[in-house]
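Listed below are the residues making up each chain.
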Amino acid sequence: MPNLNSNLRVNGDRLWDSLMEMAKIGPGVAGGNNRQTLTDEDAEGRALFQKWCEDAGCTMGLDQMGNMFASWGGTDPDALPVYVGSHLDTQPTGGKYDGVLGVLSGLEILRSLNDLGIKTKHPIVVTNWTNEEGTRFAPAMLSSGVFAGIHTQDWAYEREDAEGKTFGDELKRIGWRGDEEVGARKMHAFFELHIEQGPILEAGEKDIGVVTHGQGLSWTQVTITGKDSHTGSTPMPLRKNAGLGMARVLEKVDEIAWSHAPHAVGAAGHIDVYPNSRNVIPGQAVFTVDFRSPDLSVIEDMEARLRVEAREIADDMGLGIEFEKVGGFDPVTFDEGCVTAVRDAAERLGYSHTNLISGAGHDACWINRMAPTAMVMCPCVDGLSHNEAEEISIEWATAGTDVLLHAVVETAQI
Ligand code: HGY
Ligand code: MN
Ligand code: MN
Ligand code: MN
């Protein structure tokens, strides 16, 4: 394979500059980012990404979920493109690299191929998937999910944020709703570079994670109903404390996850109590239980135990309880051929590497149903993510992007 040798590398400084430039849009309060999906900040980040892609000779496609597709080159116009990308939206207290590295590394590949005058047989398309985080509009990976036929577009458009605004209205308001039919595009393959968001690579002093699988995810929204009343004058035996009920259920969630240690995890990151007033016993508690495991039967067991044992807690306390499945996907096995292209790339480039199961969900988990897919991971400091202190090194970002370049070019063929 001409040119696919260890000299083929990206420009890490240019990649880093772009990451820092994008990080200026939607800054957080502690050095990270708050560029939530379909906000004005998201729109600003999209516009910058589009400008950079056009400067690199791409034409931008936009579908009805706001997914962005920057198309580049291809000596054989009939060859299906190789897609590469991730997401530009962030958590409210997100880092500068979660998702963004996956989009801007795709752009850096094109910039490097332009510098080297290399054209691939298959076109390459760099993608920004709308609303991967699922914080403002649940569930996560919403638009790659519509693209993969998991959700209908109408259902996705009706998703509401905490202020009652809908996904569809907000997409139109920021001016990023395209005309392209969602999911009509056909792919030769899809690759996504992402920070690990966990401690394994850094602890193992590995440059690259060769992601063979992604663990499955289950989101169950639980609503516990009691009776709001005065925290002072209501005698203890008469209280219907939904907040206390939630606390006992959250303890149970932790116990259920530990019962499947070490590979299962469980917690609730979204928690609301009503009326949330200092001197009112909560009459209602609403929270989302997030269970994950590489083993589907373990996820199903955790979901089933939650519904039985949380109901027992509520019954004992005279509280009402309702459950609603609001998100999830089965464990994912990525494509053998694409995974091998990633591993061979790391070998060829002399980067240390290890097989990895992704702890977080990614757009690649859905796109894996549409085309041969694989992920590349790089370490992050202390494995920390979904925290403004998320940090990586330019070396890690560059190594991950070098590997992505080789895997994409090998698949797109020179
Ligand atoms: O929830 C997830 O795993 C992803 O970061 N949205
Ligand atoms: Mn992400
Ligand atoms: Mn994330
Ligand atoms: Mn993700």
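Residues numbered from 1 in each chain as written. Chains lettered and ligands numbered in written order. Predicted model: local features only at pLDDT ≥ 70, side-chain atom pairs only at ≥ 80, totals over all residues. Heavy atoms only, no water.

- Under an unreviewed UniProt entry, the name given to the protein chain is N-carbamoyl-L-amino acid hydrolase, and the organism recorded is Roseovarius albus.

## A few points about helix H9 (residues 296–317)
Here comes step 1: Taking 1.5 Å per residue, 22 residues should reach 32 Å; H9 reaches 32 Å between its end C-alpha atoms and fits that length.
Here comes step 2: Looking at H9, one finds that the buried residues are Val 298, Ile 299, Met 302, Glu 303, Leu 306, Glu 309, Ala 310, Ile 313, Ala 314 and Met 317.
Here comes step 3: Looking at the residues trailing H9, positive phi occurs at Gly 318, about 70°. (Helix = DSSP H or I, 4+ residues; strand = E, 2+ residues; numbered from the N terminus. Expected span 1.5 Å × (residues − 1). Buried < 20%, exposed > 50% of the residue type's maximum accessible area, 1.4 Å probe, protein only.)

## Some thoughts on the packing of aromatic side chains
Here comes step 1: One pass over the full model with this rule turns up 9 aromatic pairs.
Here comes step 2: Each ring, one from Phe 69 and one from Trp 129, has its centre 5.7 Å from the other, and the planes form 85°; the classification is edge-to-face. Note that Phe 69 is positioned in strand E2 (residues 68–72) and Trp 129 in the loop between strand E4 (124–128) and helix H4 (142–147), a separation of 60 residues in sequence. In this structure, Phe 69 and Trp 129 share a single accessibility class: buried.
Here comes step 3: Pairing Trp 129 with Phe 147 gives two aromatic rings, centres 5.1 Å apart and planes at 70°, and the pair type is edge-to-face. Note that Trp 129 is positioned in the loop between E4 and H4 and Phe 147 in helix H4, a separation of 18 residues in sequence.
Here comes step 4: Among the residues examined, Trp 129 registers a relative accessible area of 0% and is labelled buried. (Phe/Tyr/Trp six-rings, centres within 6.5 Å; stacked < 30°, edge-to-face > 60°.)

## Description of the coordination of the manganese ion (ligand 4)
Here comes step 1: For the manganese ion (ligand 4), the protein coordination sphere consists of Glu 132 (OE) and Gly 361 (O), at 1.9 to 2.1 Å.
Here comes step 2: Separating the manganese ion (ligand 4) from the manganese ion (ligand 2) is a distance of 3.0 Å. Residue Glu 132 is found in the loop between E4 and H4, and its partner Gly 361 is found in the loop between strand E14 (353–358) and helix H11 (363–367); the two are separated by 229 residues along the sequence. Grouping residues by exposure puts Glu 132 and Gly 361 together as buried. (Donors = N, O, S within 2.8 Å, 3.2 Å for Na, K, Ca; no water.)

## Looking at the UniProt feature "binding site: Zn(2+) 2" (unreviewed entry) in the protein chain
Here comes step 1: Taking the UniProt record as the reference, the feature "binding site: Zn(2+) 2" (unreviewed entry) is found at Asp 98, Glu 133 and His 386. What stands out for the annotated residues spanning 289 residues is how close their C-alpha atoms remain, the widest pair being 9.8 Å apart.
Here comes step 2: The class for Asp 98 is buried, based on a relative accessible area of 4%.
Here comes step 3: With sequence-adjacent residues up to four places away left out, Asp 98 is seen in contact with His 87, Asp 89, Glu 133, His 194, Ile 195, Gln 197, Ser 385, His 386 and Glu 390.
Here comes step 4: Structurally, His 386 is set in the loop between strand E15 (373–378) and helix H12 (394–412).
Here comes step 5: The residues contacting His 386, other than those within four sequence positions of it, are Gln 91, Thr 93, Asp 98, Glu 133 and Gln 197.
Here comes step 6: Within the structure, the side chain of His 386 is placed 3.1 Å from the side chain of Asp 98, a separation counted as a polar contact. (UniProt positions renumbered as here; feature names shortened; annotations may be inferred. Contact = heavy atoms within 4.5 Å. Polar contact = N/O pair within 3.5 Å; in protein donor to acceptor, adjacent residues only side chain to side chain.)

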